[in-house]
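Residues per chain are reported as follows:
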Amino acid sequence: PSIVSTGTNTASPATSSSASPVELVPTLSGLSLTRTAIAALNHNRPKISLVAFTFSLTVATRVHVTLAKQIRVRGHTRWQQLPGSLTITATKGRNSRHLTAHGTLAPGLYRLTLTPRHGVARSMVLQIG
């Protein structure tokens, strides 16, 4: 697949009245596909379970992972979340995971989003086909 763009969600992390140290706010960085995933996704109608990715975290936390497909509804484009989103427990430092959903990916644009608990979401857009 070709990686169309890498973006971030501009929403700020959840805050409370008692400020916690900056080090405790999880920061997700370095989101990328693995080499094996890139090779697998270049085939016709690849399996969702072949979407493998790596990322780094500043603190250990739970991370919610979603995959959405760009669709057109009445002349407008929007992202439709695919079934099989998951929440993983990630450690501080480098992490590597893959999606566990069944099925295949039809040609089109897809957005992989990782959202650390109490942190800012990071996304990458993939083009299949």
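None of the values given here were measured: they were computed from a predicted structure. Think of each chain on its own: its residues are numbered from 1, step by step along the sequence as written. Owing to the predicted nature of the model, reporting of local features is limited to residues with pLDDT of at least 70; listing and counting of side-chain atom pairs is limited to 80 or more, with chain, interface and lining totals taken over all residues. To get the side-chain values, take all heavy atoms of the structure and skip hydrogens and water.

We now examine the pairing of strand 4 (residues 61–73). Two strands pair when backbone bridges link them, and strand 4 and strand 6 (residues 86–90) are joined in this way by five bridges, in the antiparallel orientation. Directly across from His-64, in strand 6, lies its bridge partner Thr-87. The sheet contact formed by strand 4 and strand 8 (residues 108–116) spans seven bridges and is antiparallel. Directly across from Leu-67, in strand 8, lies its bridge partner Leu-112. For two strands to be treated as a pair, DSSP must find at least two bridges joining them. The secondary structure listing takes helices from DSSP runs of H or I that are at least 4 residues long and strands from runs of E that are at least 2 residues long, numbered from the N terminus. For strand 4 and strand 5 (residues 76–81), the ladder comprises six bridges, and the chain directions are antiparallel. Bridged to Val-73 within strand 5 is His-76. Hairpin connection between strand 4 and strand 5: a loop of two residues separates the two successive antiparallel strands, and Arg-74 in this loop has a positive phi of roughly 50 degrees.

So far we have only geometry, and geometry alone does not tell us how the molecule works.
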